[in-house]
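Working through the structure, step by step
Listed below, chain by chain, are the residues.
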Amino acid sequence: KTLPRGQYVLSHPWLKANVTDMLTRQELLIDPAWFKGNRVLDAGCGNGRWSYGLTKLGAQVTAVDYNAIAIEETRRALAEQAVEPHFHQSPLEELENVLPPDDRFDLVFCWGVAHHCRSFNEAIRQLCRLVKDGGVLYLYLYGRESIPFDDDLELFKERVRYNVLPTPEAKLAFLREKAGGDEQRIHNMHDIYAPLINRRLSFDAVKAQLELLGLHRVERTIDHTELFIRAFKGDVRAVEPHLLAPASPPYWFEHHGET
């Protein structure tokens, strides 16, 4: 709420103009035509950038977040589109308490959220349960290979230091320093330093977990040390014709969006 603008959020014109291509041709590798009319759960909607893109593709979006402000921001982000999305405030570990027992989705989309949950295992179990037969699960997770363990430990200490700062002004000064004074990067710095739970995972471990929960064809869609993972449940013949070949770098998160 206090940092609504910056890189990689909807206030940035480049991202808003490119979010549908980012979703379809880089992240999910699914043709845009597949999304129209399909039901999508945006699990951890944040500021609404992905709900906005998914709605623009014609999907029927249900947005969930633990934070009431995130729901408010996503509702605002979708206001310009002639849609009626559904909103629920809940941690991912408790989705069964807010969604109907038989609710299932064509796509369960969870970008950068599950690794922050108190119970990663329960969050993943809930997400897998909500994928319909023939549906898709998509996760972005922190990769264990992206940062050496010692550096990760130092980063955790910095996160603790940020979280115990006594005033909002002190926290903003901390983020501004980390951003090198670049106001466009302060929101991104907040994403890095604010969460205290930040698991880093290996692809093999996540793949094994998803397969135990009934998913198959667990694949990385983006060639990166971070984990961009797509998996399917049941019969995938309906989605198969819509699958795209992997994109080549640079990827959207390596682009500063000047043009």
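Now for a look at the structure at hand.

Each value, and the rule that gives it
- Residues numbered from 1 in each chain as written.
- Predicted model: local features only at pLDDT ≥ 70, side-chain atom pairs only at ≥ 80, totals over all residues.
- Heavy atoms only, no water.
- Core = buried A, V, L, I, M, F, W, Y, C linked by side-chain atoms within 4.5 Å.
- Buried < 20%, exposed > 50% of the residue type's maximum accessible area, 1.4 Å probe, protein only.
- Helix = DSSP H or I, 4+ residues; strand = E, 2+ residues; numbered from the N terminus.
- Contact = heavy atoms within 4.5 Å.
- Pairing = 2+ DSSP bridges.
- Axes fitted to C-alpha atoms, helices over the stretch in contact; angles between N-to-C directions.
- Salt bridge = Lys/Arg side-chain N within 4 Å of Asp/Glu carboxyl O.

Overview of the nonpolar core
Grouped together as the largest cluster of nonpolar side chains are 39 residues, with contacts concentrated most on Leu54, Leu107, Phe109 and Trp252. Looking at this core, the elements that each hand over two or more residues are helix H1 (13-27), helix H2 (49-56), strand E2 (60-65), helix H3 (68-78), strand E4 (105-111), strand E5 (131-141) and strand E7 (227-233). Considering every element that reaches this core, the biggest residue donor is H1, with 5 residues. In this structure Leu107 touches Leu28, Trp34, Phe35, Arg39, Val40, Leu41, Leu54, Val136 and Tyr138, once residues within four positions along its chain are discounted. Grouped together as the second largest cluster of nonpolar side chains are 31 residues, Leu92, Phe120, Ala123 and Phe203 included.

Some details on the sheet that holds E7
The sheet built from 7 strands is open, its strands ordered E3-E2-E1-E4-E5-E7-E6 with mixed pairing. Whereas interior strands pair on both sides, the edge strands pair on one side only; in this sheet they are strand E3 (86-89) and strand E6 (215-220). The sheet shows a mean angle of 15° between the axes of neighbouring strands, direction not considered. Sheet topology places E6 next to E7; 4 bridges connect them, and they run antiparallel. For His216, the partnering residue across the bridge sits in E7 and is Phe232. Sitting on the sheet, H2 is in contact with strand E1 (39-43), E2 and E4, with an inclination near 150° to E4.

A look at the pattern of salt bridges
Taken as a whole and assessed by the stated rule, the structure comprises 19 salt bridges. The closest approach of N and O atoms between Asp106 and Lys132, which form a salt bridge, is 3.2 Å. Here Asp106, found in strand E4, pairs with Lys132, found in strand E5; they are 26 residues apart in sequence, far enough to count as distant. Asp106 sits in the buried class, given a relative accessible area of 14%. With a relative accessible area of 32%, Lys132 lands in the partly exposed category. Between Arg230 and Glu219 there is a salt bridge, with the nearest N and O atoms lying 2.8 Å from each other. Residue Arg230 is found in strand E7, and its partner Glu219 is found in strand E6; the two are separated by 11 residues along the sequence. Here Arg230 falls in the buried class, since its relative accessible area comes to 5%. Put simply, Arg144, Asp152, Arg200 and Glu226 are held in one network by salt bridges that share partners.

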